[in-house]
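Structural overview
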Amino acid sequence: MKKSMFGIIGDQYTRVPPVSTTDLSTQTVIVVGANTGLGFEAAKHFARMNPGRIILACRNKEKGAAAAFKIREETQCQTVELQLLDLSKFSSVIAFVDNFLRDGSRLDLLVANAAVSTTNYKTTDDGWEESLQVNNLSTSLLCLLLAPRMLETAERFGGRPRIVVVASEVHYLTSFDDAQVIDAISSFQVLSSKEYCTPRKMSVRYLDTKLLNVFFARSLASLLKDTPVIVNSVNPGFCYSELARELTGIEVLFMRIIRKLLARKAEEGGRQLVYAAVGSSDDPGHLQGAYVNLHKVDEPSDYVLGDKGIRRQNKLWVDLVGELTKIDGRIPSIVHNLGSLSQ
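In short, a report on the structure. Bear in mind that the values here come from a model prediction, so they are computed numbers and not experimental data.

1. Brief notes about the overall build of the protein
Within the protein, the secondary structure is distributed over twelve helices and eight strands. Taking 20 Å as the expected radius of gyration for a compact globule of 343 residues, we find that the protein reaches 19 Å, a close match to that expectation. If one aligns the C-alpha atoms of the protein with their principal axes, the spans along those axes are about 50 × 50 × 40 Å. Here the protein holds 343 residues, and 58% of them are scored as buried. In the protein, the share of contacts with a sequence separation of at least 24, taken over all contacts with a separation of at least 6, comes to 80%. Carbon and sulfur atoms make up 53% of the accessible area of the protein, which amounts to about 14400 Å² in all. Charged side chains of the protein number 40 positive and 38 negative; the gap between the two group centres comes to 3 Å.

What follows is the structure, given as structure tokens:
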């Protein structure tokens, strides 16, 4: 599908359907980036569904604790808990996963929501460009490390656990130079390099990371296609949030104007995350690998589709697994074991 800026604006003015609901009384939900914006609003919606356990995975302890208190107060849900997760540090992702796996809890819903948006080149302590690590590498690492527990949950308790990767409609507005990025020895190394990340490239970095989110969700869904675990990506739309908190100068003024004209309430965006996680209960399978927008399956960008799109997807997947393997030695066996279930 080709969607222009006018098409995206049209979607912004389309009414968001009511929030989907279900009974989560026995289930465990993890919402990443739940202390503010979309994640906070989605977590509130989940909290009203009587979850057996809802984990707010947040970077900042004080802000996370405040969010947990507010959700308990507003929803009367007493199963809300905070666990620290900083996606700018691979060690934090691994510690979060190990802590969760250690207690043996089931995992039914994982909403991979946290993201940063910046136009300035900055590297993390791990040496990666910050938004590429937070929005893609760490998010993918988290999903892959937790996927086996979600499969175990389905086997032990039934149901269709879901992994929701929060993407964006802006993925329609970008693409990569295949020769420079896709055909490189490691696409992610190129995308993170200072040489590649010129001011022009960084001006669309957020768009690029959301395109990578769509590719990742499709790859992980393909890996899990013959299992009960559902993976999809979702477009929450452009909403009021703290996403652009790192913008400076004229960018701030521009963002204020755009927000005034187009932005949805964060609660409306939160509804879309919730739909991707619990909606279409009568036919959840049709959401496998889907790109979800306005509570329905939409066709993603043409750059993702067709034979060329599949080639790009497969190459990005191989490169991603290669990079994540350097970070956590469990990745190859997880990919192999999950893949063997779909053969």
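2. A closer look at the sheet that holds strand β5 (residues 162-166)
Strand order across the open sheet formed by eight strands is β3-β2-β1-β4-β5-β6-β7-β8, with mixed pairing between neighbours. A single partner strand is all that each edge strand has here, and the edge strands are β3 (80-84) and β8 (296-298). When the angles between neighbouring strand axes are averaged without regard to direction, this sheet yields 25°. Relative to strand β6 (residues 230-235), β5 is paired through five bridges, and the arrangement is parallel. Within the sheet, the bridge partner assigned to V164 lies in β6 and is N232. Against the sheet, helix α3 (residues 61-75) contacts β2 (53-58) and β3, and its axis sits at roughly 170° relative to β3.

3. Examining the pattern of salt bridges
Tallying each qualifying case throughout the model produces 19 salt bridges. Between K3 and E169 there is a salt bridge, with the nearest N and O atoms lying 2.8 Å from each other. Pair noted here: K3 is in the segment before α1 (5-12) and E169 is in the loop between β5 and α6 (187-192), with a separation of 166 residues, a long-range link. A salt bridge links R311 to D183; its shortest N-O distance comes to 3.1 Å. Note that R311 is positioned in helix α11 (residues 306-327) and D183 in the loop between β5 and α6, a separation of 128 residues in sequence. Its relative accessible area of 46% is what places D183 among the partly exposed residues.

4. Side note on the nonpolar core
With 67 residues, the main nonpolar core has I30, I163 and L220 as its most contacted residues. Broken down by element, this core gets its largest block of residues, twelve residues, from helix α5 (residues 130-157). Among all residues touching I163, those that are not within four sequence positions of it are L110, C143, A147, M150, L220, V229, I230, V231 and N232. Listed in part, the 34 residues of the second largest apolar core include L24, F46, L56 and A67.

The rules we used
- Residues numbered from 1 in each chain as written.
- Predicted model: local features only at pLDDT ≥ 70, side-chain atom pairs only at ≥ 80, totals over all residues.
- Heavy atoms only, no water.
- Helix = DSSP H or I, 4+ residues; strand = E, 2+ residues; numbered from the N terminus.
- Rg over C-alpha atoms; globule rule 2.2 N^0.38 Å.
- Buried < 20%, exposed > 50% of the residue type's maximum accessible area, 1.4 Å probe, protein only.
- Contact = heavy atoms within 4.5 Å.
- Areas by Shrake-Rupley, 256 points an atom, 1.4 Å probe, with all protein chains shown as cover.
- Lys, Arg positive; Asp, Glu negative; His and termini not counted.
- Charge placed at Lys NZ, Arg CZ, Asp CG, Glu CD.
- Pairing = 2+ DSSP bridges.
- Axes fitted to C-alpha atoms, helices over the stretch in contact; angles between N-to-C directions.
- Salt bridge = Lys/Arg side-chain N within 4 Å of Asp/Glu carboxyl O.
- Core = buried A, V, L, I, M, F, W, Y, C linked by side-chain atoms within 4.5 Å.

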